[in-house]
Amino acid sequence: MKWVKFKIKTVTEAEDIIISTLYDLGLEGAQIEDKVPLTAMEKEQMFVDILPDGPEDDGIAYLSFFVEEKEDGSLEVAGEKTTTEAVLADVKRELEDLRQFMDIGEASVVVDETEDIDWINNWKQYFHQFYIDDILVIPSWENIKPEDTDKMVLHIDPGTAFGTGMHETTQLCIRQLRKFITPETELLDVGTGSGILAILSLMFGAKHAVGTDLDICAVEAVAQNCEVNGIDPAQFDMMIGNIITDKEVQDKVGYECYDIVVANILADVLVPLTPVIVHQLKKGGIYITSGIIDDKEQTVVEAVKAAGLEVLEVTYQGEWVSVTARKN
């Protein structure tokens, strides 16, 4: 399958209006490339496998639209047969019209051809089996090697939305969880995503886990990953909502009923989360946090102490930090 790609160079302020305008032409599903910093809301929703801050915003954006090319070289847009030249002419005309009343930057258009775009599965080429200490993490499309048959195996298919466990922040949490889990552990995983931390906790021997997330897609991801790892659905409950601000979610999760709360979230989210989540912990319960870039370590430590928790350990991997504390 071949696709024709129309790539527009513009400015970030014009992204939405250009996408909307070209949508009316029948060009849907724009790919956006820019350096705009994440908003507070976007950061709040990034619960796992968090990346450090990106490069400084230069105001430039690239918008790419893909149209399938038929065997005869024609294109089909909005149900009508057309050509690359005709689509390009339409795009340029719309851009020039927009230029009359707003800054759209250079607004150059580059046309290219690409093959075999598989929007759902293309990312799989970048995810292969790997190890977290003695744990083998493997996707469904790969086989376990003979030499790994005696290892603990975590089958994980994160999809396009959630983490795989490869990131340092997740690994820091996993190592801390192994230190504290017992057969009686009730665990709360805030921002569970693909469910990797809660699922591994159950594999380590925890009794029961609850996961919360803002993204409804986490429900299906967790269900699938529980199934492939042989986790009884009754052992893992999922809840969607913001536990920081939503009293209903807090009530549903429950108070003073968790031996361990784990949160692999940005430091800017851990600060408001900590004084809330302390009420979910049992007396003597363990609070494991990560997702903390090194220069935010003290910020999180202070938030943990301010919530009345005792800091037990601070661990490091690369530029990332994990803070483990206890409710006395």
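Whatever comes next refers back to the structure up there.
Remember, it's a predicted structure, so these values are computed and weren't measured experimentally. (Residues numbered from 1 in each chain as written. Predicted model: local features only at pLDDT ≥ 70, side-chain atom pairs only at ≥ 80, totals over all residues. Heavy atoms only, no water.)

(A) Up close: the overall build of the protein chain. Helix and strand counts for the protein chain stand at nine helices and 16 strands. Residues classed as buried in the protein chain amount to 47% of the 328 residues present. Considering only intrachain contacts with a sequence separation of at least 6, the fraction spanning at least 24 residues in the protein chain is 69%. Carbon together with sulfur atoms contributes 50% to the accessible area of the protein chain, which is approximately 16,300 Å² in total. (Helix = DSSP H or I, 4+ residues; strand = E, 2+ residues; numbered from the N terminus. Buried < 20%, exposed > 50% of the residue type's maximum accessible area, 1.4 Å probe, protein only. Contact = heavy atoms within 4.5 Å. Areas by Shrake-Rupley, 256 points an atom, 1.4 Å probe, with all protein chains shown as cover.)

(B) Spotlight on the sheet that holds strand β8 (residues 135-138). Strand order in this open sheet of three strands is β7-β8-β9, and the pairing throughout is mixed. Strands with a single pairing partner mark the edges of an open sheet, and in this sheet they are β7 (130-132) and β9 (152-155). Geometrically, the sheet is characterised by an average inter-axis angle of 30 degrees between neighbouring strands, direction not taken into account. (Pairing = 2+ DSSP bridges. Axes fitted to C-alpha atoms, helices over the stretch in contact; angles between N-to-C directions.)

(C) Highlighting the packing of aromatic side chains. Under the criterion given, the structure shown has zero aromatic pairs. For the cation-ring pair, Lys 7 lies above Tyr 62, with the distance from its terminal atom to the ring centre recorded as 5.0 Å. (Phe/Tyr/Trp six-rings, centres within 6.5 Å; stacked < 30°, edge-to-face > 60°. Lys NZ or Arg CZ within 6 Å of the ring centre and 35° of its normal.)

(D) Structural view of a nonpolar patch on the surface. Taken together, the side chains of Ile 216, Val 219 and Ile 240 define a hydrophobic patch exposed on the protein surface, amounting to about 240 Å² of accessible area. Mapped onto the fold, Ile 216 is located in the loop between β11 (208-213) and α6 (217-228). Accessibility expressed as a relative area gives 57% for Ile 216, which makes it exposed. (Patch = residues over 30% accessible without salt bridge, like charges linked within 9 Å, V, L, I, M, F, W, Y side chains within 5 Å. Salt bridge = Lys/Arg side-chain N within 4 Å of Asp/Glu carboxyl O.)

(E) Representation of the sheet that holds strand β12 (residues 236-240). Read across the open sheet, the seven strands follow the order β12-β11-β10-β13-β14-β16-β15; overall the sheet is mixed. Looking at the sheet topology across the chains shown, the edges are occupied by β12 and β15 (309-317). For this sheet the average axis-to-axis angle between neighbouring strands, irrespective of direction, equals 15 degrees. Note: strand β13 (residues 258-264) against strand β14 (residues 281-293), six bridges, orientation parallel. Paired with Val 262 across the strands is Ile 288, a residue of β14. Sheet strands touched by helix α8 (residues 267-277): β10 (186-190), β13, β14 and β15. Its angle to β14, the strand with the most contacts, is close to 175 degrees. Strands in contact with helix α9 (residues 297-306) are β14, β15 and β16 (320-327); relative to β15, the strand with the most contacts, it is inclined by about 160 degrees.

(F) Expanded view of the nonpolar core. Formed by 29 residues in total, the largest nonpolar core has its most connected members in Leu 188, Val 190, Ile 243, Leu 273 and Tyr 287. Ranked by residues supplied to this core, first place goes to α8 with five residues. Excluding its chain neighbours within four sequence positions, the residues that come into contact with Ile 243 are Leu 188, Val 190, Val 249, Gln 250, Val 253, Leu 273, Val 276, Ile 277 and Gln 280. (Core = buried A, V, L, I, M, F, W, Y, C linked by side-chain atoms within 4.5 Å.)

(G) Just unusual backbone geometry, in detail. Positioned with a positive phi, Ala 107 is a non-glycine residue whose angle comes to about 55 degrees. Judged by its relative accessible area of 10%, Ala 107 falls in the buried class. Positive phi, normally seen in glycine, also occurs at Glu 256, with a value near 50 degrees. In this structure, Glu 256 sits in the loop between α7 (247-253) and β13. A residue is classified by how much of its surface remains accessible, and Glu 256, at 53% relative accessible area, is exposed.

(H) Representation of the packing of α8 against α9 within the structure. With their axes 9 Å apart at the nearest point, α8 and α9 run at an angle of 5 degrees to one another. Relative to α9, the element α8 is oriented roughly parallel. Residue-level contacts link Ala 267, Leu 270, Val 271 and Thr 274 of α8 to Thr 299, Val 300, Ala 303 and Val 304 of α9. Looking at the contact of α8 with α9 residue by residue, the classes come out as six nonpolar, two polar and no charged. (Parallel < 35°, antiparallel > 145°, perpendicular 65-115°, else oblique. Nonpolar A, V, L, I, M, F, W, Y, C, P; charged D, E, K, R; others polar.)

(I) Representation of helix α5 (residues 196-203). Counting buried positions over the eight residues of α5 gives seven, a clear majority of the element. When we look at burial in α5, the residues that qualify are Ile 196, Leu 197, Ala 198, Ile 199, Leu 200, Ser 201 and Leu 202. Of the residues one or two after α5, Gly 205 is the one with positive phi, at around 120 degrees.

(J) Here's a closer look at the side chain of Thr 212. For Thr 212, the location among the structural elements is in strand β11. Take Thr 212: its relative accessible area is 2%, and that puts it in the buried class. Sequence-distant contacts of Thr 212, defined by excluding residues within four places in its chain, comprise Leu 188, Asp 189, Val 190, Gly 191, Thr 192, Met 239 and Val 253.

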